[in-house]
Amino acid sequence: MPIRIQSDLPARQTLENENIFVMTEQRAATQDIRPLKIAIVNLMPTKEATETQLLRLLGNTPLQIDISLVRMKDHVSKNTSASHLERFYIASDELYHHKYDGMIITGAPVEQIPFEQVDYWDELCNIMNFAHNNVFCTLYICWGAQAGLYHWYGIEKHLMEKKMFGVFPNRRVVATDPLLRGFDDTFFVPTSRHTTVRTSDILANDNLVLLADSAISGVTIAKSRNNREVFMTGHLEYDTDTLANEYWRDKNKGLDIDLPQNYFPADNDKNEPVSYWRSTAHLFYSNWLNYYVYQETPYNYV
């Protein structure tokens with residue numbers, strides 16, 4: 001079933017070429033179905049790429065979804081045109097006039113900066129506070145997950161000696177949780193971050209449940225015990241070449257960047273990478289939408 005988007009959103013053509021069922025606003029208005037309302041707070045610098053990645057995963061379910069893309073009102077984006085943001089995004093202050101079934105707060109390239117020094121930190125805190133009472137389940141990704149854990153539970157992020165960069169094996173800690181339904185015993189998640197949260201801090205908090213982790217990259221998925229917040233420290237939404245693009249970007253700048261682990265075949269950056277996390281990504285987002293949003297949200301919630 002479709003995701004509902006504006007007819008001229010650039011991601012539309014890519015998604016239709018991949019047989020992802022998208023529906024324009026005009027067609028959706030003729031159907032007597034209440035779609036799920038999902039807000040995506042997109043903090044990534046490559047906003048158009050992130051839009052496509054997330055919409056691809058959200059569109060692979062039997063649910064009609066009404067998407068609102070959200071931008072920081074007081075932050076100037078350096079990598080996305082103002083015209084794109086004005087056309088397809090709502091400012092954060094408009095967000096507060098609605099309720100949503102679900103929300104996604106993405107990662108951001110600010111993890112080495114203390115939370116309070118990020119120029120939109122106060123604005124993001126307002127969004128998280130709003131979500132607590134007006135969104136049925138919020139999914140926090142990468143730095144977004146660290147921000148949510150810090151804001152709600154006081155869990156600190158810790159700088160690592162080297163960037164955690166690659167595709168790492170993970171295990172289910174709670175095999176019966178609906179979020180991990182259908183997952184393999186070992187599953188792989190792309191990761192790209194300089195900071196981490198400690199497993200011991202998650203386990204020490206009675207309001208949190210650790211769902212999956214990695215012997216290499218640490219905490220991967222956690223949730224609040226009331227199921228209203230899910231924290232994913234990796235990037236299941238990444239395309240096959242996203243880590244390669246990050247690697248070559250930094251290498252061409254002369255930065256000290258290691259080869260992403262478990263990524264290029266034979267650890268040779270001349271080889272084209274292949275994805276072995278795509279099916280996990282679709283399953284994760286399908287489970288989140290179904291079990292944590294659709295099945296739990298009252299029909300008249302929004």
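Notes on the structure in this doc start here. (Residues numbered from 1 in each chain as written. Predicted model: local features only at pLDDT ≥ 70, side-chain atom pairs only at ≥ 80, totals over all residues. Heavy atoms only, no water.)

The packing of two helices is summarised by the inter-axis angle and the distance between the axes. In the contact formed by helix α6 (residues 121-134) and helix α7 (residues 143-153), the axes pass within 11 Å of each other and the chain directions differ by 75°. In terms of orientation, α6 lies roughly perpendicular with respect to α7. Along the contact surface, α6 presents W121, L124, C125, M128, N129 and H132, while α7 presents W143, A147, G148, Y150, H151 and W152. Split into classes, the residues belonging to the contact of α6 with α7 amount to eight nonpolar, four polar and no charged. (Axes fitted to C-alpha atoms, helices over the stretch in contact; angles between N-to-C directions. Helix = DSSP H or I, 4+ residues; strand = E, 2+ residues; numbered from the N terminus. Parallel < 35°, antiparallel > 145°, perpendicular 65-115°, else oblique. Contact = heavy atoms within 4.5 Å. Nonpolar A, V, L, I, M, F, W, Y, C, P; charged D, E, K, R; others polar.)

What the largest pocket holds in volume is close to 960 Å³. Forming the boundary of the largest pocket are 35 residues, of which K163, S192, E246, R249 and D250 lie nearest the centre. Among the secondary structure elements, those contributing two or more residues to the lining of the largest pocket are α3 (47-58), β8 (158-172), β9 (186-196) and α9 (242-252). Tallied by class, residues from the lining of the largest pocket come to 13 nonpolar, 10 polar and 12 charged. (1 Å grid on protein atoms, 1.4 Å probe; cavity = no way out; pocket = protein on both sides within 12 Å on 5 of 7 lines; lining within 4 Å. Points joined across faces, edges and corners; volume = space filled by probe spheres on them.)

If you walk through the whole model with that rule in mind, you get one cavity of 30 Å³ or more. Here the largest cavity is characterised by a volume of approximately 50 Å³. The wall of the largest cavity is formed by M128, A131, H132, V135, T138, Y140, W152, R228 and E229. Looking at the lining of the largest cavity, the elements with two or more residues in it are α6 and β7 (135-141). Taken together, the residues that form the lining of the largest cavity break down as five nonpolar, two polar and two charged.

A separate point is the side chain of S68. With respect to the helices and strands, the residue S68 is situated in strand β4 (residues 65-71). Assessed through its relative accessible area of 17%, S68 is described here as buried. Apart from residues no more than four positions distant in its own chain, S68 is found in contact with I38, A39, I40, I90 and Y100. (Buried < 20%, exposed > 50% of the residue type's maximum accessible area, 1.4 Å probe, protein only.)

With that settled, consider unusual backbone geometry. At N227, a position not held by glycine, the phi torsion is positive, near 70°. Locating N227 in the fold gives a position in the loop between β11 (218-224) and β12 (229-232). Backbone geometry places N262, a non-glycine residue, at a positive phi of 55°. Counting through the fold element by element, N262 comes out in the loop between α9 and α10 (278-294). Classification of N262 as partly exposed rests on a relative accessible area of 35%.

In this section: the environment of A212. Within the element layout of this structure, A212 appears in strand β10 (residues 208-214). For the pair A212 and V174, spaced 38 residues apart in sequence, the C-alpha to C-alpha distance is 7.1 Å.

Here the focus is the nonpolar core. Ranked by size, the top nonpolar core spans 51 residues in total, and within it I221, F284 and W288 carry the most contacts. It is α10 that contributes the most residues to this core, seven residues altogether. Core analysis: the second largest hydrophobic core is formed by 38 residues, M72, I127, Y140 and A147 among them. (Core = buried A, V, L, I, M, F, W, Y, C linked by side-chain atoms within 4.5 Å.)

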